[in-house]
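Breakdown of the fold
Spelled out from the first residue to the last, the chains are:
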There are 2 protein chains.
Amino acid sequence: MPAPLKVALLGCGVVGTQVARRLVEHADELASRVGTRVDLVGIAVRDVAVPREDVTGTPLADLLTADAEALVDGADVVVELMGGIEPARTLILRAIQGGASVVTANKALLAQDGPALYAAADAAGVDLYFEAAVAGAIPIVRPVRESLAGDQVQRVLGIVNGTTNYVLDRMTTEGLELDQAVKEAQSLGYAEADPSADVDGYDAAAKAAILASLAFHTRVSLDDVSREGIGAVTADDVAWAQRTGHVIKLLAIAERNTSGGVTGIQVRVHPALVPADHPLAGVHGAFNAVFVEAEAAGELMFYGRGAGGAPTSSAVLGDLVSVARHRVLGGRGPVESSYAALPVLPADAARTKFQVRLDVADRPGVLAQVAARLADQDVSIEAVRQTAARVVEDDGADVAVARLLITTHAAPESALTATVAALTQLDAVRDVVSVLRVEGA
Amino acid sequence: MPAPLKVALLGCGVVGTQVARRLVEHADELASRVGTRVDLVGIAVRDVAVPREDVTGTPLADLLTADAEALVDGADVVVELMGGIEPARTLILRAIQGGASVVTANKALLAQDGPALYAAADAAGVDLYFEAAVAGAIPIVRPVRESLAGDQVQRVLGIVNGTTNYVLDRMTTEGLELDQAVKEAQSLGYAEADPSADVDGYDAAAKAAILASLAFHTRVSLDDVSREGIGAVTADDVAWAQRTGHVIKLLAIAERNTSGGVTGIQVRVHPALVPADHPLAGVHGAFNAVFVEAEAAGELMFYGRGAGGAPTSSAVLGDLVSVARHRVLGGRGPVESSYAALPVLPADAARTKFQVRLDVADRPGVLAQVAARLADQDVSIEAVRQTAARVVEDDGADVAVARLLITTHAAPESALTATVAALTQLDAVRDVVSVLRVEGA
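Reading the values: the criteria
- Residues numbered from 1 in each chain as written.
- Chains lettered and ligands numbered in written order.
- Predicted model: local features only at pLDDT ≥ 70, side-chain atom pairs only at ≥ 80, totals over all residues.
- Heavy atoms only, no water.
- UniProt positions renumbered as here; feature names shortened; annotations may be inferred.
- Least-squares fit on C-alpha atoms with pLDDT ≥ 70 in both.
- Contact = heavy atoms within 4.5 Å.
- Salt bridge = Lys/Arg side-chain N within 4 Å of Asp/Glu carboxyl O.
- Helix = DSSP H or I, 4+ residues; strand = E, 2+ residues; numbered from the N terminus.
- Buried < 20%, exposed > 50% of the residue type's maximum accessible area, 1.4 Å probe, protein only.
- Core = buried A, V, L, I, M, F, W, Y, C linked by side-chain atoms within 4.5 Å.
- Patch = residues over 30% accessible without salt bridge, like charges linked within 9 Å, V, L, I, M, F, W, Y side chains within 5 Å.
- Areas by Shrake-Rupley, 256 points an atom, 1.4 Å probe, with all protein chains shown as cover.
- Polar contact = N/O pair within 3.5 Å; in protein donor to acceptor, adjacent residues only side chain to side chain.

As annotated in an unreviewed UniProt entry, chain A carries the name Homoserine dehydrogenase and comes from Cellulomonas gilvus. Quoted verbatim from the Function (unreviewed entry) heading of the UniProt record, the comment on chain A is "Catalyzes the conversion of L-aspartate-beta-semialdehyde (L-Asa) to L-homoserine (L-Hse), the third step in the biosynthesis of threonine and methionine from aspartate."

What about the relation of the copies chain B and chain A?
Laying chain B over chain A is done by rotating through 180° and shifting 0.0 Å along the axis; what remains is an RMSD of 0.0 Å. On this basis, the relationship between the two copies can be described by a two-fold rotation axis. Minimal C-alpha distance to the rotation axis in chain B is attained by B:Gly331, lying at 1.8 Å. The share of interface residues of chain B whose copies in chain A are also at the interface is 100%, consistent with both copies meeting through the same surface.

Some words on the pattern of salt bridges
All names here are of chain A. Inspection of every chain in the model, using the stated rule, returns 65 salt bridges over all chains. Ionic pairing is found between Glu-382 and Lys-353, a salt bridge with its closest N-O pair at 2.8 Å. In this pair, Glu-382 sits in strand β14 (residues 381-392) while Lys-353 sits in strand β13 (residues 351-361), placing the two residues 29 residues apart along the sequence. Classification of Glu-382 by relative accessible area gives partly exposed; the value is 39%.

Points about unusual backbone geometry
Residues and elements named next belong to chain A. A cis amide bond, omega 5°, links Glu-86 with the succeeding residue Pro-87. Its location among the elements puts Pro-87 in the loop between β4 (77-80) and α4 (88-97). With phi around 70°, Asp-54 is a residue other than glycine that occupies positive phi space. With respect to the element layout, Asp-54 can be found in the loop between β2 (38-44) and β3 (64-65).

Quick look at the nonpolar core
Counting residues in hydrophobic clusters, the biggest one holds 164 residues, and the most contacted among them are A:Val78, A:Ile140 and B:Val78. Counting 32 residues, the second-largest nonpolar core is a separate cluster that includes A:Val7, A:Leu60, A:Val79 and A:Ala324.

Observations concerning a nonpolar patch on the surface
Residues and elements named next belong to chain A. Among the surface-exposed residues, Leu-367, Ile-381 and Val-384 lie close enough to one another that they form a single nonpolar patch of about 190 Å² accessible area. Within the secondary structure layout, Leu-367 lies in helix α13 (residues 366-376). With relative accessibility at 33%, the residue Leu-367 sits in the partly exposed group.

Regarding the side chain of B:Ser213
Residue and element names in this part refer to chain B. Inspection of the secondary structure assignment puts Ser-213 in helix α10 (residues 202-216). Accessibility expressed as a relative area gives 17% for Ser-213, which makes it buried. Among the polar contacts listed, one links the side chain of Ser-213 to the backbone nitrogen of Val-220, at a separation of 3.3 Å. Ser-213 has contacts with Thr-218, Arg-219, Val-220 and Ser-337, leaving out every residue within four places of it along the chain.

Laid out in structure tokens, this is it:
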């Protein structure tokens, strides 16, 4: 059997601890899969003295070190699980330049500096694997860049943030308002004390950038992703969605599109109405799923746990076995593929169906006025539903209104924006209650 | 750029034609992904003169040849899409021994002779890839053997036969009887004129053997798979399933199990009740899905089209890009991993929940007698539902019966078999209407 491989672990949080434990407990099995032993030689942490659950008092404690650089310099494979930009970036580059292969789960770093890291790994002839950076335990990086390598991806729709999926799911099943559901998620440990990275869609946007890069062989950075979180979604929106046979999901979307004669890709994150019979509608709780439409393969979906120590450690160890096997048997995994270099189209190039809810004056002719504003922008109406309601004015007066639910055919985002602006100018329109995109229909 | 790779295609059916077309139409993109051109140098068929849709009259027709051996001998990569055991096996071995890498979609051959082929490829140092052999377009081979290489799979539940899934889905949504649904599937081209390979579970069993081998690092052949088709499933079974919150699916199951102190695996194919909120319950029509439970990753599901020319060609081309890249860049994909060599446990070692439906005499004390027979075999009851019904005897008499629906806790298959035998001996039991396993609960 070839000489054992030395593995350095950077970071000893929830995922790091699980990776370390599994490396030790399953050492024999891993050796069978790799073709040689894979020895964990150290775990770099900021402060060795901090007590750590599942580490302090175990043999793992002896592996802790504060000298990350020395650890990296002696390793064959470096597993980076610190998160954040620095010192992760510097240590990963140091590892690559020293000839080590790298496995990372750092989506923020890859969404910001992926191309520089991929280029460094390519120049050094080492692997840089990152399955755990998108959708946790779900194998999605490998299927998209290897299994679909002979196909052409048309669209990726992902539920890639478990926190917001949990929140929206509770709003759907229990009728909770957003802030109630967020509090519940916080009490269960699904949401941070400051939930904005999840709720405002930043986390999903980083994953969207990575997924889009892989699926379309094009460099996509976080700045290319248009982003709208779930902060404006109300219990009323969720209830209306259900009445029309939909559920609301926060989606990361990357699609091939042609706009103004230019074929490119459009990458965005926003809440969307998804038909209740769409496979993504059945993704509940903190689960993640990525739905892929490819030219030949058709519709594919990958489903599983998108976060958590054990699930994420599974993805990290799968990568570790791959890069370790390459060191034993020769060869390398796929390098960054950006040959397509498609232009990233602006947000208003996206074409989707919309559902618009309006409160309008309850008198004849209003619907005709509203329909005319849509027609002005070439937005075609698929369906209108009108119900009578009563609302209480600021001055206490109780007035009759008509509530319109308009579903459009697919229209450019820019046309919809212009339409909504025109509608708000109409005297008869009391309120544009909500505007939601429909995806997967 | 390195010298172009020569690709030989064996077989020009629905999948072969799609592969050939995509190789030609997407030649530039494939070259970008592989790192050199991938040239289709010939397509071996039995009879060159037979007219072929999408081939005859196109440049592809010039590539047809009846001399498969000569074609194989000149190729860098051989793509086998003939199906069946011979001459596919001989040609694949010839290719391997000549130093070519092989991509195949031949599940029957792999389920029968996989180990010999894997060993030959390993000895020759070439790749043998077969993503398309299980679940068509769904990337499942690569995720199971690479992404989960650092994890331990506990169980695999697959809907791997689109024909039977379509049939059961139509029985569920339309209330059709089996033979009506099969006729419909035949008229749509989803089922063969002789539907027995699908309906009797042979196709699913071959895929179960391959999936089990991969997931448990153990050699599993078709003979190790216990098999029961959907032939006995009635519209009444389907309706009862719905009433109890289930759907009936034909599942390919492979699970780690301990029986009589021996840890091994149990591999089987049979119809099963699946809870309506389980992800597999939402897999409709001719779609396939594979649900995996792994120690660290937890629950994963892979969903997509399991058959058809274009979807299967996607999987074949993904493999082709992988093996071609290895020839350009060096290295090889995973070889057969059978180090775990777990014993395959007999069919009656499986433990599952059951739903048993009985017609019994409508008089006091019968339920007690029935319950005693279950207790005799240590089968514990989770729930009993009793309804009154009237049945017409052979002699025309109209008699009152009680209909019992008994759901058990998990019990060994052997205990259930003994229980059912004992129940049929009871005077008060008129008929054991159905016995169905419950999975995924």
